[in-house]
Amino acid sequence: MSAPAAGSVAVDRDAMRLVAVDPHDLTAVTASVELLNAAQLVDDPDDHPGIPELAARWLEFGWDLDPETRYLYVNAEGQAVAVLEVDLPRRDNLHLVWGSVVVHPEHRRRGHGTALVAELVRRAREAGRTTIWLGTAEDDLGSRAFLEANGFHYASHDARRKQVLSEVDSTAVDALHTKAVEAAADYVLERLEPPHSDELLAQLVEVTEAINDAPMGDLTFEDEVFDVARLRDIETAREGRGDRIYRLAARHRETGGIGGHTLVVVNQLRPEHAGQGDTAVHRDHRGHRLGLLLKIEMMRWLAETEPQVTSISTWNHADNRYMIDVNEAIGYRLSRVFAMYERTLTD
């Protein structure tokens, strides 16, 4: 694989032969996606391969208009042999660098990964950050040993599950829906599609913050901070990426407050697959099977509006037993568990 032509991208000559991937340069983006897909075939074949146009949108908009930076690592022969991603949160968790290091399978065991981890540490120090996260599949013992040899310790784990809609037991789900409706009799569900008013976003702030109650293992992590401006930026970023956004909210009949919500996105570049965003229930509204009801109602909504969807993916902390039980009850099955490793920088 050749690197993009000189002059089409910015080259960081201070650290290594790193080529910053401009999201508007489809040649550079495609080179990075091809490398990542080659690695994924070996490391995580159960995941969907990357799409250059979708990757470009992620690199432009990120999750909330604060995207990570992606670099191609080019060797002396001009080949792109690895990808480095550096994400420095700017709204909260200002101590953190969330990184990714992926080496092409044909260029492994030559020191490239070690060099990129050292570069990530240098950039973290330069930015005044004290904590670095790097992840790997939990059953990838070689990668785990590599991270431990580079000063990282195991801190948490997340599970990816997939719901193949053709395999769902609809009779069992209907029975669960009946029980959830009874338990949630004090709530009414609302289908919400963007654009949302500032008034509605203000009502969603508190239930969105409920995601901070989910377990995080031993990661050094502060609660994420949400306000109307950030929710608006998340909405804008999703639209920029080409997502079609579906949100269901459970509103308490008596108080009018939103007690829970769930969100799913379908992208026009991968229309057969949906991605689960947050599902959260505010602590004051738990015990009414709102999470279960919201997720089943979302399945029905998608069946009406996105009938081409064949599968939905979701991520949970591997110890989040409540949400895992809900997901498995409606047909989600474990795909893989991923470990998050942390390194703390000291003087």
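Computed from a predicted model, the values in this text were never measured in an experiment. Think of each chain on its own: its residues are numbered from 1, step by step along the sequence as written. It should be noted that, the model being predicted, local features are given only for residues of pLDDT at least 70 and side-chain atom pairs only at 80 or more, the latter also being counted only at that level, while totals for whole chains, interfaces and linings use all residues. Hydrogens are left out, water is left out, and the side-chain values use all remaining heavy atoms of the structure.

What follows is about a negative patch on the surface. On the surface, Glu 206, Glu 209, Glu 222, Asp 223, Asp 227 and Asp 284 cluster together to form a negatively charged patch. In DSSP terms, a helix is any run of H or I states spanning at least four residues, a strand is any run of E spanning at least two, and both are numbered starting from the N terminus. Relative to the helices and strands, Glu 206 resides in helix α6 (residues 198–209). Nonpolar side chains (Val, Leu, Ile, Met, Phe, Trp, Tyr) are joined into patches within 5 Å and like charges within 9 Å, using only residues with over 30% relative accessible area and no salt bridge. Note on areas: these come from Shrake-Rupley sampling with a 1.4 Å probe, and a residue is covered only by the protein chains present in the view. Salt bridges are defined by distance alone: a side-chain nitrogen of Lys or Arg within 4 Å of a carboxyl oxygen of Asp or Glu. Two residue types count as positive, namely Lys and Arg, and two as negative, namely Asp and Glu; His and chain ends fall outside the count. To locate a charge, take atom NZ for lysine, CZ for arginine, CG for aspartate or CD for glutamate.

Our next topic: empty space enclosed by the protein. In this analysis, the protein atoms alone were mapped onto a 1 Å grid. Cavities are point sets where a 1.4 Å probe fits without being able to get out; pockets are open sets with protein on both sides within 12 Å along at least five of seven lines; lining residues have an atom within 4 Å of a point. Grid points are joined across faces, edges and corners, and a volume is the space filled by probe spheres set on the points. Tallied over the entire structure, the rule returns one cavity of 30 Å³ or more. The calculated volume of the largest cavity comes to roughly 170 Å³. Forming the boundary of the largest cavity are 15 residues, of which Leu 231, Ile 234, Arg 238, Arg 247 and Leu 263 lie nearest the centre. Looking at the lining of the largest cavity, the elements that each hand over two or more residues are α6, α7 (228–240), β9 (243–252) and β10 (258–267). Counting residues per element, the lining of the largest cavity draws most heavily on α7, at four residues. Under the scheme applied, nonpolar residues are Ala, Val, Leu, Ile, Met, Phe, Trp, Tyr, Cys and Pro; charged residues are Asp, Glu, Lys and Arg; polar residues are all the others, including Gly. A class-by-class count of the residues in the lining of the largest cavity yields eight nonpolar, three polar and four charged.

A few words on helix α8 (residues 290–305). A rise of 1.5 Å per residue sets the reference length of α8, with its 16 residues, at 22 Å; its end C-alpha atoms lie 22 Å apart and thus fit the reference within 8%. Relative accessible area decides the class of each residue, using a 1.4 Å probe on protein chains only: under 20% of the type maximum gives buried, over 50% gives exposed, and in between gives partly exposed. Of all the residues in α8, the buried ones are Leu 290, Gly 291, Leu 292, Leu 293, Leu 294, Lys 295, Ile 296, Met 298, Met 299, Trp 301 and Leu 302. To estimate how far a helix should extend, the number of its residues minus one is multiplied by 1.5 Å.

A ring pair, where both rings are aromatic, is described by two values, the distance of the centres and the angle of the planes. Any pair of Phe, Tyr and Trp rings, taking the six-membered ring for Trp, is counted once the centres come within 6.5 Å. Such a pair is stacked with planes under 30 degrees apart, edge-to-face with planes over 60 apart, and tilted for the rest. Taken as a whole and judged by the stated rule, the model has six aromatic pairs. With 5.6 Å between their ring centres and 85° between their planes, Tyr 154 and Tyr 341 make a pair best called edge-to-face. Residue Tyr 154 is located in strand β7 (residues 153–164), and its partner Tyr 341 is located in strand β13 (residues 332–344); the two are separated by 187 residues in the primary sequence. Residue Tyr 341 is classed as buried on the basis of its relative accessible area, which comes to 0%. Taking 5.2 Å as the distance between ring centres and 40° as the angle between the ring planes, the aromatic pair formed by Trp 315 and Phe 338 counts as tilted. You can see Trp 315 sitting in strand β12 (residues 311–317) and its partner Phe 338 sitting in strand β13, a full 23 residues away along the chain. Phe 338 gets classed as buried once you look at its relative accessible area, which sits at 16%. Counting every residue linked through ring pairs, the aromatic cluster contains Trp 98, Trp 133 and Phe 221. Cation placement over rings: the criterion is NZ of Lys or CZ of Arg within 6 Å of the ring centroid and within 35° of the ring normal. The aromatic ring of Phe 226 is capped on one face by Arg 230, whose charged end is 5.1 Å from the ring centroid.

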